[in-house]
Amino acid sequence: MTISLTINGKGHELDVEPDMPLLWVLRDELGMTGTKFGCGVAACGACTVHVNGQAMRTCNIPVGAVAGTDIKTIEGLNGGGPDLTALQQAWIDHQVPQCGYCQSGMLMAVSSLLSQNPNPSDDEIDAAITNICRCGTYPRIRAAIRSLATA
Ligand code: FES
Ligand code: FES
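Since the structure is predicted, the reported quantities are computational estimates derived from the model, not experimental observations.

## Some remarks on the overall build of the chain
Here's step 1: Within the chain, the regular secondary structure consists of five helices and five strands.
Here's step 2: For the chain, the sequential pattern of α-helices and β-strands runs β-β-α-β-β-β-α-α-α-α.
Here's step 3: Scaling as 2.2 N^0.38, a compact globule of 151 residues should have a C-alpha radius of gyration of about 15 Å, and the chain matches this with 15 Å.
Here's step 4: Projecting the C-alpha coordinates of the chain onto the three principal axes gives extents of approximately 45 × 30 × 25 Å.
Here's step 5: Residue burial in the chain is summarised as follows: out of 151 residues, 40% are buried.
Here's step 6: Taking the intrachain contacts of the chain between residues at least 6 apart in sequence as the baseline, contacts between residues at least 24 apart amount to 56%.
Here's step 7: For the chain, the accessible surface area stands at approximately 7,600 Å², while carbon and sulfur atoms represent 51% of it.

## Examining the sheet that holds strand β3 (residues 48–51)
Strand pairing in a sheet is mediated by backbone hydrogen bonds. Such pairs are either parallel or antiparallel.
Here's step 1: On the basis of which strands lie adjacent, the open sheet formed by five strands has the order β2-β1-β5-β3-β4 and mixed pairing. If you trace the sheet from one side to the other, it starts and ends with β2 (10–15) and β4 (54–57), each paired once. Strand-to-strand, the axes of this sheet are offset by a mean angle of 40 degrees, without reference to chain direction.
Here's step 2: Pairing between strand β1 (residues 2–7) and β2: six bridges, direction antiparallel. The residue of β2 that forms the bridge with Thr6 is Gly11.
Here's step 3: Relative to the sheet, helix α3 (residues 103–116) contacts β3, β4 and β5 (70–72), its axis offset from that of β3 by approximately 35 degrees.

## Here's the deal with the packing of aromatic side chains
Here's step 1: Within the structure shown, the criterion is met by one aromatic pair.
Here's step 2: A ring pair is formed by Trp24 and Phe37, whose centres lie 5.7 Å apart and whose planes are at 80 degrees; its orientation type is edge-to-face. Placement of Trp24 in helix α1 (residues 22–29) and of Phe37 in the loop between α1 and β3 is noted, with a sequence separation of 13 residues between them.
Here's step 3: Classification of Phe37 as partly exposed rests on a relative accessible area of 36%.

## Concerning the domain arrangement of the chain
Here's step 1: Structurally, the chain comprises domain 1 (2–76) and domain 2 (86–150).
Here's step 2: One C-alpha centre belongs to domain 1, the other to domain 2; they are set 21 Å apart.
Here's step 3: The interface is formed by 17 residues belonging to domain 1 together with twelve residues belonging to domain 2.
Here's step 4: Taken over both partners, the interface formed by domain 1 and domain 2 buries close to 1,200 Å², and the fraction arising from carbon and sulfur atoms is 53%.
Here's step 5: In this assembly, domain 1 and domain 2 are joined by zero salt bridges.
Here's step 6: Looking at the side of domain 1 that touches domain 2, the elements that each hand over two or more residues are β3 and β4.
Here's step 7: Here the side of domain 1 that touches domain 2 is built from residues that sort into seven nonpolar, seven polar and three charged.

## Here's the deal with the pattern of salt bridges
Here's step 1: Throughout the structure, instances matching the rule amount to three salt bridges.
Here's step 2: We note a salt bridge from Asp122 to Arg142, for which the minimum N-O separation is 3.7 Å. Note that Asp122 is positioned in helix α4 (residues 122–128) and Arg142 in helix α5 (residues 138–150), a separation of 20 residues in sequence.
Here's step 3: Here Asp122 falls in the partly exposed class, since its relative accessible area comes to 27%.
Here's step 4: Sharing partners across several salt bridges, the network here consists of Asp122, Asp126, Arg142 and Arg146.

## Comments concerning the side chain of Gln88
Here's step 1: Relative to the helices and strands, Gln88 is located in helix α2 (residues 86–93).
Here's step 2: Gln88 sits in the buried class, given a relative accessible area of 14%.
Here's step 3: Leave out the neighbours within four places in its chain, and Gln88 touches Leu77 and Asn78.

The rules behind each value
Residues numbered from 1 in each chain as written. Chains lettered and ligands numbered in written order. Predicted model: local features only at pLDDT ≥ 70, side-chain atom pairs only at ≥ 80, totals over all residues. Heavy atoms only, no water. Helix = DSSP H or I, 4+ residues; strand = E, 2+ residues; numbered from the N terminus. Rg over C-alpha atoms; globule rule 2.2 N^0.38 Å. Buried < 20%, exposed > 50% of the residue type's maximum accessible area, 1.4 Å probe, protein only. Contact = heavy atoms within 4.5 Å. Areas by Shrake-Rupley, 256 points an atom, 1.4 Å probe, with all protein chains shown as cover. Pairing = 2+ DSSP bridges. Axes fitted to C-alpha atoms, helices over the stretch in contact; angles between N-to-C directions. Phe/Tyr/Trp six-rings, centres within 6.5 Å; stacked < 30°, edge-to-face > 60°. Domains from an automatic or database assignment. Buried area = accessible area lost by both parts, 1.4 Å probe. Salt bridge = Lys/Arg side-chain N within 4 Å of Asp/Glu carboxyl O. Nonpolar A, V, L, I, M, F, W, Y, C, P; charged D, E, K, R; others polar.

What follows is the structure, encoded as structure tokens:
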């Protein structure tokens, strides 16, 4: 079955089963490996992308359910250009990543939050960002978000 996807502004026509998880399509069919596989059961957030601007976990979304939507992955977070977003720069300034495995999903989740709420409280951050970081970077994530809110 041919499924049409728009990812980071680029159209794709893919011959895949509609029940294949979007994460598999991104990584295995399109080679976009910035989006990570963690748990496979929508629990950790490593696989987060934006679907129509909303953060969504892709390991349990059938690709057929997102045909025709506007998808953005970590590869397109900065518009695909050479410049980092303010969010990515804040991540560097606050040395957020440790092993880095969860961080693609974190950045996608946080950028979605900030687009809707540019100055979130700690409680709002905790409620919105439920991604898991085994390295425990949560304090640095909050610091980076606060730096953007006060910039
Ligand atoms: S791999 Fe999708 S939420 Fe963990
Ligand atoms: S930076 Fe290692 S899991 Fe988050």
